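Overview (structure and organization)
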Amino acid sequence: MKAARLPARLHPPPPARPHRHRRAPPPRPGENVTLKVWGDLGNQAVLEEPFKKINAAFEQKYPNIKLTYDFAQNDQSLNVALQANELPDLFWVQGDKTSKMGEMVKNGFLLDLTSYNMDLSRNADPEKAYCTVDGKLYCSLPSFFDTNVVYYNKDLFDKNGLSVPANWDEFVQGLDKLKAAGVTPIALAGKSEWDRAWPIFAFAPAFANAALQKAQAGQGKLTDPTVAETLQAFRDFADKGYFGKDFLAQDMAGAQFAFTNGKAAAIIDGTWNNATYVASGINLGRFPVPNKDGKRVVQSSYSNFMTYAVSSKSAHPDEAVKYLAFLSSQEAQQIMEDATGLVPTIKDITPKDEGVKELAVFDEAGLNIYSVLTALSTPESNPADIMMKDVIPKLMTGAITGEEGAAILDKAAKYPGQ
C-alpha cells in the first residue's frame, strides 16, 4: 500500500481557456443533484471504509444530494483532467504543502470558497493558511497531523535488550546490535521514490531544523553542515546495512511485510499508516527519531485525507460546498479518526486509542524538508524534485556524500532575496 504523501511537483498545466460555457441553472429546492467526487487512489485501502461512512452520513443529512465517489485520483489522472479541463465536481488537494494547489488557482481551475462563509471557528490559523491562496479559501480545512516516526517490533527490541532510544547515539547503537543478531534493523522500500525518502524526512528536522528555517527565510543556505549531516546519516544507514541486503529492489509492500512478519525490527513511515501496522497484530511501538541531545523534533505537515476542493466548472457549486463543510465537521472527522487513528489537531476529536497518543509524543514540530525545498524552487529549477529523483538514489548507492548532496540542492535553490 502506498503511503499518503506529497506528490512530485509536476509541470503546471497550461492556462485554462476562458470559460465560455454556461453554468447549469441552480437546482430547485429539493431537486436531486449528483456530485462526482474523486478519492485518493494511492490510499484507497486506508480510506475506503471511512469514506463509505462519511458519504453515507452526508447523504442522510442531504437526501437530495447523491455522491458518485470513486478512488480515481493520482498524479497522472489529475494532470490528464487538468489538461482536458474535465475535473470532477470535487477532488482532494494538498493545500500549501506543495505548489500544486496554487498553480491550479492561478489557472482558474478551483472555486473560490471565501464568499460561502464556511465555519472555520474550530480551526487554528495555520490550518486556515493551508487552504488559502492570496487571502482566499480553496479547500476544506485539515484536522489531522502527519509526521514520520519509527514503528518498531517491541518483541524484537525486548529480545535484543533494546528500549526506546533516548538520543541519536543510542538509536544507532541499537541498530548495530540488531544487525549483529542477524535481524534487519529497518525495512526500507528502496525501489519506491517516495517511501525510500521517509528516513530523510524524519532525520531532517532532528538534525537540521534551524538550518532549514534559515534557508527558507533567505537567512542561510542548504550548504549548512547540519543539512549535509542529515543526508550523510541516510547514506551511512545504507552503507552499514541497516536497511538490509536487498532494499534497493524492495517496494513498500515488501518493506511493510518484512516488518510485520518479524524479519525487520523497525520501519520509518508516516502516521497515516498507523492503522496498517496495528492491523498486522504485531506488538507495536512507536517513537520519533531523537537528535544527539535527545530532543524529539518531528517533521510536521497537515494530513490531506480530508482536504478537498471544488472545480470552478462544477454545475452544482452550492451543493459541492456543503460536502466540504461536512468534511470540515467534527462528525466526519471523528469517523475518519475512528477508522484510521490519525493524530488529531483539534481538541474535540477523540483519539482512537492509546497508540494515537503515542504518535503525538514529541518535543517540537519541525519543518518538512520537501516543503522547504519546494518553497526554494522556480519553474526552471526544483530542488525538491532533485532531492527525490537524483540525490536520494545517489546516497543509497554511495555515489555521493551528504556534503555533495547538500551542494547539489543548494545549487538548485533560489533563496528569498536572490
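Before any of the text, the structure's been laid out above.
Presented here is a report on the structure given in the accompanying data block. (Residues numbered from 1 in each chain as written. Predicted model: local features only at pLDDT ≥ 70, side-chain atom pairs only at ≥ 80, totals over all residues. Heavy atoms only, no water.)

**As for the sheet that holds strand β12 (residues 301-302)**
Ordered in space as β12-β6-β14, the 3 strands form an open sheet in which the pairing is antiparallel. The two strands at the open ends of the sheet, each matched to only one other strand, are β12 and β14 (343-344). Across 2 bridges, strand β6 (residues 144-146) lies against β14 in antiparallel orientation. Of the residues in β14, the one forming a bridge with F145 is V343. (Pairing = 2+ DSSP bridges. Helix = DSSP H or I, 4+ residues; strand = E, 2+ residues; numbered from the N terminus.)

**Section: the environment of I54**
By the secondary structure assignment, I54 is in helix α1 (residues 44-61). Note: C-alpha distance between I54 and A407 (353 residues apart in sequence) is 47 Å. I54 has contacts with M306, F326, L327, A332, I335 and M336, leaving out every residue within four places of it along the chain. (Contact = heavy atoms within 4.5 Å.)

**Focus: the nonpolar core**
Nonpolar side chains in soluble globular proteins generally cluster together in the buried interior. Ranked by internal contacts, the top residues of the largest apolar core, which has 118 residues, are F171, F203 and F237. Examining the composition of this core, we find that 12 residues originate from one element, helix α7 (residues 198-217), more than from any other. By size, the runner-up hydrophobic cluster in this structure holds 17 residues, among which are F145, Y151, A264 and L359. (Core = buried A, V, L, I, M, F, W, Y, C linked by side-chain atoms within 4.5 Å. Buried < 20%, exposed > 50% of the residue type's maximum accessible area, 1.4 Å probe, protein only.)

**Focus on the pairing of strand β7 (residues 148-153)**
For β7, a buried count of 6 out of 6 residues is recorded, marking the element as mostly surrounded by other parts of the structure. Where burial is concerned, the two faces of β7 agree: the one with N148, V150 and Y152 and the one with V149, Y151 and N153 are both buried.

Coordinates in, geometry out; function isn't part of it.
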